[in-house]
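So the chains spell out like this:
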Amino acid sequence: MKNRKKLLIVGGVAGGASCAARARRLSEDANIILFERGSHISFANCGLPYHIGKVIPRERSLYVASPDLFKRQLNVDVRTQNNVRYIDRKNKRIDVENLKTGEVYRENYDTLVLSPGAAPIKPDFKGIDLPGIFTLRTIPDMRKIIDWIKTRRVKKAAVIGGGFIGLEMTENLIIQGIDVSLIEMLPQVMPFLDPEISAFIHDHLKSKDISLCLESPVTGFRQKNNGMIEVMIESGKMVTADVVILAIGVRPEVELAKTAGLTVGSLGGILVDDQMRTSDENIFAVGDAVEVQNFVTAAQGLIPLAGPANRQGRIAADVILGNNRTSQPRFRGVQATSVCGVLGLTIAATGTSEKALAQLEKNEELKPYEKIYLTPNHHAGYYPGAKPMTIKLIFSKKTGQVLGAQAIGMEGVEKRIDVIAKAIQHNGTVFDLEESELCYAPQYGAAKDPVNLAGMIASNLMRGYTSIVHWEDLSESDAFLLDVRGPFEFKRGHVKNAVNIPLADLRKRMSELPRDREIWTYCYEGKRSYFALRILEQHGFRVENISGGYLIYLAVKQFKDI
Ligand code: FAD
């Protein structure tokens with residue numbers, strides 16, 4: 001046999017299993033050994049909350065591939081319940097503990113790939129180890145939660161952390177008839193989103209009778225005499241629950257790498273180059289344990305998502321065993337393209353947020369940026385079942401380059417974000433979105449798809465056909481506030497000091513408008529007010545459209561006095 005390279009892989013789930021499978025397809029000769037500390041490899045950790053909620057009825061559906069399958073189909077030697085304890089870089093070998101027998105043995109390597117993932121954060125809170133407090137990462141974690149819910153006949157749950165896993169667990173507890181208190185330290189759930197977009201999630205959660213406790217840092221836990229757990233919050237408030245799910249984030253598992261002297265970045269992840277090579281040329285690292293560069297902002301980050309882990313595992317295998325030396329793949333960085341569903345609401349995002357842009361020190365290239373909001377239907381309005389979604393698009397004011405997008409709604413949200421994600425990866429501009437040719441039939445989309453509309457609105461702005469302002473700027477303005485919605489909409493709620501002239505009456509009531517002051521106009525979501533702007537500007541008025549309309553006003557108001 002030629003080239004019998006020995007490839008050892010630590011971690012047998014997303015990144016590790018992908019790497020092993022790709023490695024075998026590239027080389028029949030390589031000796032590939034996959035070490036996994038747990039009892040399962042290649043399981044669908046993303047599906048765990050849904051088995052708890054019985055949406056995925058059978059546990060075995062979560063087993064994407066078994067050790068036996070890896071052996072039979074891929075000839076990969078899978079060693080589950082084998083913990084890699086030490087890397088001896090000098091002699092290119094690892095120490096492994098067989099957790100079934102206690103035996104410790106050594107295995108040498110030509111190349112080593114680390115995909116140890118990230119562990120749930122479990123702070124040193126008082127009472128953190130009380131029975132009934134769980135984190136969720138593995139199949140055994142999931143079984144424990146299911147067993148607790150069943151045997152304790154759980155009626156009340158406290159979910160701590162409003163990120164992906166927190167929201168998914170909230171959904172899966174609610175659908176089992178369990179009351180949920182969702183406790184979040186920050187003023188918003190889904191912290192990577194801009195706050196006004198999270199506001200829609202808050203409204204949705206409250207509409208589903210979830211008790212949402214924002215700005216509520218947990219300080220500890222106490223067990224009551226009846227076995228229930230009291231979650232103590234900094235404000236002095238207490239939430240009582242039969243079960244607590246701790247979902248406050250994950251931390252890269254880097255102990256092995258650190259002890260081996262591999263370079264770890266300031267954010268706590270293993271540093272790798274764009275071919276997933278660590279500071280040791282014979283050791284690669286992939287997945288949740290590595291720091292990655294943001295494709296848009298070039299900032300380093302920790303992005304624990306399955307897609308990047310899988311792609312990185314594949315890239316590492318290509319670099320290690322691929323024979324096409326002229327065109328080896330390189331990891332392009334992450335855009336943090338992600339989606340999450342909670343009780344019928346879909347939340348998706350890609351690229352950078354306004355919040356992240358504001359935090360960047362060196363963002364001269366990306367500055368100044370602009371944002372627009374729109375709320376189109378997910379398919380043609382005349383076809384039954386059309387549902388609105390709200391999209392926020394962020395782009396460079398200078399070039400129109402798309403920097404990020406966030407969207408929220410009931411249907412078709414992730415499809416639009418996926419299209420925008422691809423545009424971002426190709427340095428696409430708002431003009432590219434405007435001209436994108438996308439699928440259309442009435443039940444799927446619109447002849448002007450939401451992605452086109454986002455591009456058209458932003459392009460109008462770039463070309464000077466419209467001019468926008470934002471609600472955040474209202475308090476510093478003395479503009480005349482014009483609400484062009486219908487009188488009933490106005491009566492249901494409007495912005496203080498706004499004057500209502502419905503769009504249809506605008507031409508005949510122009511004399512009521514000031515010529516010596518700027519006019520800021522709004523409607524429900526920004527479309528009618530844009531039409532109003534076009535009319536008024538052509539009659540010599542100075543007009544700005546307030547992007548996103550009354551809908552975004554209500555969202556911004558959750559966070560800012562305006
Ligand atoms: P993991 O998949 O965590 O695998 C690492 C493995 O390495 C672990 O099994 C661990 O036991 C093993 N290991 C660690 N150290 C050692 C050692 N020293 N020796 C032997 N074995 C070791 N991502 C999404 O994109 N979408 C989702 O919807 C989504 N949902 C999720 C839901 C849940 C409940 C969880 C927990 C995660 C979810 N994720 C989701 C995140 C996604 O699962 C991870 O980003 C991905 O699994 C990371 O892959 P990885 O290979 O880096 O780590």
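Residues numbered from 1 in each chain as written. Predicted model: local features only at pLDDT ≥ 70, side-chain atom pairs only at ≥ 80, totals over all residues. Heavy atoms only, no water.

Participant: Looking at this model, I keep getting lost on the nonpolar core. Mind explaining?
Facilitator: One recurring pattern in soluble globular proteins is that nonpolar side chains are buried together. Leu167, Leu173, Ile201, Trp471, Val495 and Tyr522 are the most contacted members of the largest nonpolar core, which totals 59 residues. Examining the composition of this core, we find that six residues originate from one element, helix H15 (residues 549-557), more than from any other. If we skip the residues at most four places from it in the chain, Leu173 touches Ile149, Ala157, Val159, Ile178, Val180 and Ile245. (Core = buried A, V, L, I, M, F, W, Y, C linked by side-chain atoms within 4.5 Å. Buried < 20%, exposed > 50% of the residue type's maximum accessible area, 1.4 Å probe, protein only. Helix = DSSP H or I, 4+ residues; strand = E, 2+ residues; numbered from the N terminus. Contact = heavy atoms within 4.5 Å.)

Participant: Where do I start with the sheet that holds strand E11 (residues 179-183) in this structure?
Facilitator: Two strands in a sheet stick together by hydrogen bonds in their backbones, pointing the same way (parallel) or opposite ways (antiparallel). Across the sheet, which stays open at both edges, the five strands sit in the order E9-E16-E10-E11-E12 with parallel pairing between neighbours. Each edge of the open sheet is held by one strand with a lone partner, namely strand E9 (133-134) and strand E12 (211-213). For strand E10 (residues 156-160) and strand E16 (residues 243-246), the ladder comprises four bridges, and the chain directions are parallel. The partner of Val159 across the bridge, within E16, is Ile245. Along the sheet, helix H5 (residues 164-174) makes contact with E10, E11 and E16, crossing E11 at roughly 165 degrees. (Pairing = 2+ DSSP bridges. Axes fitted to C-alpha atoms, helices over the stretch in contact; angles between N-to-C directions.)

Participant: Even after reading the chapter, I still don't get the layout of surface pockets, so can you show me in this structure?
Facilitator: Once rolled over the atoms, a probe with the size of a water molecule shows which space is left empty. Taken as a whole, the second largest pocket spans an internal volume of roughly 650 Å³. As for the second largest pocket, its lining consists of 28 residues, and the residues nearest its centre are Leu374, Leu453, Ile457, Glu525 and Lys527. The leading source of residues in the lining of the second largest pocket is helix H12 (residues 450-462), at six residues. Looking at the lining of the second largest pocket, its residues break down into 15 nonpolar, ten polar and three charged. (1 Å grid on protein atoms, 1.4 Å probe; cavity = no way out; pocket = protein on both sides within 12 Å on 5 of 7 lines; lining within 4 Å. Points joined across faces, edges and corners; volume = space filled by probe spheres on them. Nonpolar A, V, L, I, M, F, W, Y, C, P; charged D, E, K, R; others polar.)

Participant: What should I look at first to understand the pattern of salt bridges in this one?
Facilitator: In a structure, side chains of opposite charge can pair up when their charged atoms sit close to one another. Within the structure shown, the criterion is met by 29 salt bridges. In this structure, Lys6 engages Glu107 in a salt bridge whose closest nitrogen and oxygen atoms are separated by 2.7 Å. With Lys6 in strand E1 (residues 6-10) and Glu107 in strand E6 (residues 104-108), the pair connects residues that are 101 residues apart, well separated along the chain. An identical accessibility class is assigned to Lys6 and Glu107; each is buried. (Salt bridge = Lys/Arg side-chain N within 4 Å of Asp/Glu carboxyl O.)

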